[in-house]
Amino acid sequence: MLEDDPNSNTILAGSELSEDNRANLEKRPRWGPRHKGAQELAKLYSNGKRTQELICVYICITLMILNLGLILRHFRLERISNVVVAAIFGILTADFGSGLVHWGADTWGSVELPIVGKNFLRPFREHHIDPTSITRHDFIETNGDNFMVALPILGKLAWNFFTRTNAEIQQDYAISAYLFLCSIFIAMTNQIHKWSHTYWGLPRWVLFLQNHHIILPRRHHRIHHVAPHETYFCITTGWLNWPLEKIK
């Protein structure tokens, strides 16, 4: 498999190798854009995948704007405490979901699996052998899959607003706030992940959010990228990494 060991990283340059073979082995990049496996995985990004991502991003942004308008339209100040609590739980749900998906994509399957492997596992496998690849992806490639995941939630939320009475909307307003914040953070997870690998040129507001651990901080995410990459999988806010690590 392409993501296994194309640069023979698991082979140590020991005494059993000849001088020429040992020299060649030491010259091979262990990770980064020059890594053979990373280059092969990057080539699997297809036009069809690009089209799917474009469609998902544009539809999702439309639903985000629509739902934000509806959320603000039905907001009542007396419900502020319930909304805040619901919103926090929405963010925690997104963070847990990011960790669960990340763990599954890192642990199970192969890029050779039909449909799922090439389209959805490939970015995770490429990322571990070339962590900087995500910083070279544009907005569409970075966020297309996460926007796709958020689509059903935002679609259901809009449907509720348009089909329910005002009394029903007010009764379930906290749930709506939960779903909205959960979907927003799900959609933005990989953008936040990209920012955690970007060490220059970030806007000040992004640095503020990272420094106050409102979104995934750069230093915090480094822990996951220490081989064998078996901890700190949550990449939205990272709030759940420590407690999940403690309970194994």
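Residues numbered from 1 in each chain as written. Predicted model: local features only at pLDDT ≥ 70, side-chain atom pairs only at ≥ 80, totals over all residues. Heavy atoms only, no water.

- Named according to an unreviewed UniProt entry, the protein is Lipid desaturase domain-containing protein originating from Anopheles epiroticus.
- On record in UniProt, under Subcellular location (unreviewed entry), the comment for the protein is "Membrane".
- In its Sequence similarities (unreviewed entry) section, the UniProt record describing the protein reads: "Belongs to the fatty acid desaturase CarF family." (UniProt positions renumbered as here; feature names shortened; annotations may be inferred.)

1. Let's talk about the packing of helix α3 (residues 47-73) against helix α8 (residues 173-196)
(1) Moving on: The N-to-C vectors of α3 and α8 enclose an angle of 150°; their axes lie 11 Å apart at closest approach. With respect to α8, the element α3 is oriented roughly antiparallel. For the element pair α3 and α8, the recorded crossing hand is left-handed. Contacts between α3 and α8 involve Met 64, Asn 67, Leu 68, Ile 71 and Leu 72 from the first element and Tyr 173, Ser 176, Ala 177, Phe 180, Ile 184 and Ala 187 from the second.
(2) Moving on: Across the contact of α3 with α8, the residue classes tally to nine nonpolar, two polar and no charged. (Axes fitted to C-alpha atoms, helices over the stretch in contact; angles between N-to-C directions. Helix = DSSP H or I, 4+ residues; strand = E, 2+ residues; numbered from the N terminus. Parallel < 35°, antiparallel > 145°, perpendicular 65-115°, else oblique. Left-handed = near helix turned anticlockwise from the far one by under 90°. Contact = heavy atoms within 4.5 Å. Nonpolar A, V, L, I, M, F, W, Y, C, P; charged D, E, K, R; others polar.)

2. A closer look at the side chain of Ser 98
(1) Moving on: Relative to the helices and strands, Ser 98 is located in helix α4 (residues 80-107).
(2) Moving on: Since its relative accessible area comes to 9%, Ser 98 is described here as buried.
(3) Moving on: Within polar-contact distance, the side chain of Ser 98 engages the backbone oxygen of Asp 95 at 2.6 Å.
(4) Moving on: The contacts of Ser 98, once residues within four sequence positions are left out, are Thr 189, Phe 233, Cys 234, Ile 235 and Thr 236. (Buried < 20%, exposed > 50% of the residue type's maximum accessible area, 1.4 Å probe, protein only. Polar contact = N/O pair within 3.5 Å; in protein donor to acceptor, adjacent residues only side chain to side chain.)

3. So, the UniProt feature "transmembrane region" (unreviewed entry) in the protein
(1) Moving on: Taken from the UniProt record, the annotation "transmembrane region" (unreviewed entry) applies to residues 51-72 and 84-105.
(2) Moving on: As a span, residues 51-72 carries 100% helix and 0% strand, and end to end its C-alpha atoms are 32 Å apart.

4. A few points about a nonpolar patch on the surface
(1) Moving on: Taken together, the side chains of Phe 75, Leu 77, Ile 80, Val 84, Ile 88 and Trp 239 present a nonpolar region at the surface, about 520 Å² in accessible area.
(2) Moving on: Note that Ile 80 resides in helix α4. (Patch = residues over 30% accessible without salt bridge, like charges linked within 9 Å, V, L, I, M, F, W, Y side chains within 5 Å. Areas by Shrake-Rupley, 256 points an atom, 1.4 Å probe, with all protein chains shown as cover. Salt bridge = Lys/Arg side-chain N within 4 Å of Asp/Glu carboxyl O.)

5. Some details on the confidence of the model for the protein
(1) Moving on: On average, residues of the protein score 79 in pLDDT, and 73% of them are at 70 or above.
(2) Moving on: Between the elements of the protein, mean pLDDT differs from a low of 49, seen in helix α1 (residues 19-27), to a high of 94, seen in helix α9 (residues 204-211).
(3) Moving on: Every residue in residues 1-15 scores below 50 in pLDDT, and together they form 35 contacts with partners more than four places removed in sequence or on other chains.
(4) Moving on: Long-range and interchain partners of residues 23-29, a stretch whose pLDDT sits below 50, account for 13 contacts in this model, where long-range means more than four residues apart. (pLDDT = per-residue confidence, 0-100.)

6. Considering the pattern of salt bridges
Side-chain pairing between opposite charges can occur once the charged atoms of the two side chains come close.
(1) Moving on: Evaluation of the coordinates by the stated rule reveals three salt bridges.
(2) Moving on: With its nearest N and O atoms 2.4 Å apart, the salt bridge here joins Asp 145 to Lys 49. Remark: Lys 49 occurs in helix α3 and Asp 145 occurs in helix α6 (residues 139-163); sequence separation between them is 96 residues. Across this residue pair, the class does not change: Asp 145 and Lys 49 are buried.
(3) Moving on: The partner of Arg 50 in a salt bridge is Asp 138, and the shortest N-O contact between them spans 2.6 Å. Residue Arg 50 is found in helix α3, and its partner Asp 138 is found in the loop between α5 (116-129) and α6; the two are separated by 88 residues along the sequence.
(4) Moving on: With a relative accessible area of 24%, Arg 50 lands in the partly exposed category.

7. With respect to unusual backbone geometry
Note: most peptide bonds trans; most residues except glycine with negative phi.
(1) Moving on: The residue His 213 is not glycine, and still its phi comes out positive at about 55°.
(2) Moving on: Inspection of the secondary structure assignment puts His 213 in the loop between α9 and α10 (218-222).

8. A closer look at the packing of α3 against α6
(1) Moving on: Closest axis-to-axis distance for the α3/α6 pair is 6 Å, and the angle between their directions is 40°. It follows that α3 is oblique to α6 by the angle criterion. At the point where α3 passes α6, the crossing takes the left-handed sense.
(2) Moving on: Grouping the amino acids of the contact of α3 with α6 by side-chain chemistry returns 22 nonpolar, five polar and five charged.

9. Quick look at the environment of Phe 139
(1) Moving on: Mapped onto the elements of the fold, Phe 139 is located in helix α6.
(2) Moving on: Distance in space between the C-alpha atoms of Phe 139 and Leu 54 is 9.7 Å, their sequence separation being 85 residues.
(3) Moving on: Here Phe 139 is in contact with Val 57, Ile 61, Phe 147 and Gln 191, once residues within four sequence places are set aside.

10. Thoughts on the side chain of Ser 176
(1) Moving on: Counting through the fold element by element, Ser 176 comes out in helix α8.
(2) Moving on: Apart from residues no more than four positions distant in its own chain, Ser 176 is found in contact with Ile 71, Leu 157 and Phe 161.

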